[in-house]
Amino acid sequence: MKEGPDIAQIGALIGDPARANMLTALMDGRALTATELAAAGGITVQTASTHLSKLEAGGLLTQRKQGRHRYFTLADDTVGKLLENIMGFAATRGHLRHRPGPKEPALRKARICYDHLAGDYGVRMLDSLIAAGAISSIDDSLRLTENGETHLASIGIDVTVLRSTRRPLCRSCLDWSERRAHLAGSLGKALLSSFFDKGWARRMEDSRSILFTSEGERRFLALFPLEASRTDKAWDHAEA
């Protein structure tokens, strides 16, 4: 008798191409209807409903009703982490889908990974925080330092509120395009939300890509310049 977690069941749920495409479409944190997910999966709405029922029963999706419509989202951020890690693993093994077009560079530059920043800018942000001593990194474990908490307060991030949630404050997430870590957890979510709130960036329609304004990009690059000395200076002059 075999015991323990059934990874074959999860693998089978994600492994179907249509279901994989629908799950990927939900990686930007939005809630989508069965019709929208059917389009993402390249299948009929009736077939999509069957797939969605399986994904929900498997604990990968959840749904809520609003009026006559049903909206589906990833069950929680751990599902988003699982999918991003699988994408990263697939990329390192050369399993890539090549769809050249104008969206590809934008997707690699900055995109949303469930609810936090990924892509080149996501990796840059984490590297800069580590260089500034705001976050300490040991292997894949991340920890916010006392210095980091002070720095984040200077741009309006209340770490005390973030610590009150059950969600991990800092978490490393493997970036599939950069093949390095970006920042997830409640802190990663709070930072991305602040960029949206400040008007530095916005989501691109029908894409996981995040588009920074020219002013937003200037401020982002100044705040996260990678080098330790420049990073310290940027935090000293940060505006909330």
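Note that this is a predicted model, so its numbers are computed, not measured.

J.: In this structure, what is going on with the overall build of the protein? I would like to understand it.
T.: Assigned secondary structure in the protein consists of 12 helices and 11 strands. Relative to the globule expectation of 18 Å for 240 residues, the C-alpha radius of gyration of the protein, 19 Å, shows essentially globular dimensions. The 240 residues of the protein split such that 42% are buried. Across the protein, contacts joining residues at least 24 apart in sequence account for 58% of those joining residues at least 6 apart. Accessible area of the protein: about 12900 Å², with a carbon and sulfur share of 52%.

J.: So what exactly am I meant to see when it comes to the sheet that holds strand β2 (residues 61–66) here?
T.: Across a sheet, paired strands are connected by hydrogen bonds in the backbone, their directions being either parallel or antiparallel. Taken in spatial order, the three strands line up as β1-β3-β2 in an open sheet, and their pairing is antiparallel. For this open sheet the edge positions go to β1 (32–33) and β2, each flanked by a neighbour on one side alone. Summarising the sheet, β1 and strand β3 (residues 69–74) pair through two bridges and their orientation is antiparallel. Opposite Leu32, over in β3, you have Phe72 as the bridge partner.

J.: Teacher, can you tell me more about the pattern of salt bridges here?
T.: Across all of its chains, the model carries 12 salt bridges by this definition. Residue Asp115 is joined to Arg167 by a salt bridge in which the shortest nitrogen-to-oxygen separation is 2.6 Å. Of the two residues, Asp115 sits in the loop between β4 (111–113) and β5 (116–118) while Arg167 sits in the loop between α9 (159–163) and β8 (171–174), which places them 52 residues apart along the sequence. Judged by relative accessible area, which is 12%, Asp115 ranks as buried. Connected through salt bridges with shared partners, the residues Asp77, Asp115, Arg167 and Arg171 form a single ionic network.

J.: Would you mind going over the packing of helix α3 (residues 34–41) against helix α4 (residues 45–57) with me for this structure?
T.: How two helices pack is summed up by the angle between their axes together with the distance between the axes. Where α3 meets α4, the axes come as close as 9 Å, and the angle between the chain directions of the two elements is 100 degrees. With respect to α4, the element α3 is oriented roughly perpendicular. For the pair α3 and α4, the contacting residues are Ala34, Thr35, Leu37 and Ala38 in the first and Val45, Ala48 and Leu52 in the second. Class assignment of the residues belonging to the contact of α3 with α4 gives a composition of six nonpolar, one polar and no charged.

J.: Explain the pairing of β8 here, please?
T.: For a regular strand, the rule is simple: side chains alternate between the two faces of the sheet. Pairing geometry for β8 and strand β9 (residues 181–184), over four bridges, is antiparallel. Counted as the bridge partner of Arg171 is Ala184 from β9. In this antiparallel pair of consecutive strands, β8 and β9, the connection spans six residues, and Arg179 shows a positive phi of 60 degrees.

Analysis parameters
- Residues numbered from 1 in each chain as written.
- Predicted model: local features only at pLDDT ≥ 70, side-chain atom pairs only at ≥ 80, totals over all residues.
- Heavy atoms only, no water.
- Helix = DSSP H or I, 4+ residues; strand = E, 2+ residues; numbered from the N terminus.
- Rg over C-alpha atoms; globule rule 2.2 N^0.38 Å.
- Buried < 20%, exposed > 50% of the residue type's maximum accessible area, 1.4 Å probe, protein only.
- Contact = heavy atoms within 4.5 Å.
- Areas by Shrake-Rupley, 256 points an atom, 1.4 Å probe, with all protein chains shown as cover.
- Pairing = 2+ DSSP bridges.
- Salt bridge = Lys/Arg side-chain N within 4 Å of Asp/Glu carboxyl O.
- Axes fitted to C-alpha atoms, helices over the stretch in contact; angles between N-to-C directions.
- Parallel < 35°, antiparallel > 145°, perpendicular 65-115°, else oblique.
- Nonpolar A, V, L, I, M, F, W, Y, C, P; charged D, E, K, R; others polar.

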